[in-house]
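Structure at a glance
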Amino acid sequence: MAGAVAKIPSLINTALSEARPKFAIFMKYAKVELAPPKLNEIPQIKAGISKLLSSFKSGAWKQQTVKQATLNTLVGAEVLFWFYVGECIGKRHIVGYKV
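Heads up: these notes are all about the structure in this document. Since the model is a prediction, treat every value here as computed from it, not as a measurement. (Residues numbered from 1 in each chain as written. Predicted model: local features only at pLDDT ≥ 70, side-chain atom pairs only at ≥ 80, totals over all residues. Heavy atoms only, no water.)

This next bit is on helix H3 (residues 66-91). With 26 residues, H3 should reach 38 Å at 1.5 Å per residue; the first-to-last C-alpha distance of 37 Å fits that figure. Trailing H3 by a residue or two, Arg 92 shows a phi angle of about 55 degrees, which is positive. (Helix = DSSP H or I, 4+ residues; strand = E, 2+ residues; numbered from the N terminus. Expected span 1.5 Å × (residues − 1).)

Relative to the helices and strands, Ser 55 resides in helix H2 (residues 42-58). Apart from residues no more than four positions distant in its own chain, Ser 55 is found in contact with Ala 60 and Trp 61. There is a polar contact of 2.9 Å between the side chain of Ser 55 and the backbone oxygen of Leu 52. (Contact = heavy atoms within 4.5 Å. Polar contact = N/O pair within 3.5 Å; in protein donor to acceptor, adjacent residues only side chain to side chain.)

Take H2 next. For H2, with 17 residues, the first-to-last C-alpha span of 24 Å sits near the 24 Å given by 1.5 Å per residue. After H2 finishes, the residue Gly 59 shows a positive phi value of roughly 85 degrees.

In short, shape yes, function no, at least from these values alone.
Right under this line is the structure:
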């Protein structure tokens, strides 16, 4: 038992040294991906939405591969999931609103 307790500081140091580069990579991408859109990005967002709507109206979505359709479905499910998580956080209750 004493031998296991003596190894704890070295295990912690090893874990920290392994985690630092991975955390740095995470932070690099988090600063870019989790930032709100800037004002100069709004026209790109509008163009993307109009492109999406026009491709939906023209039926271009029917020409997707199964892999692309699966990926788009998963992205849509993730957006919906985070919407519902935000709703639960906002109302501070899982089911219904406290009236």
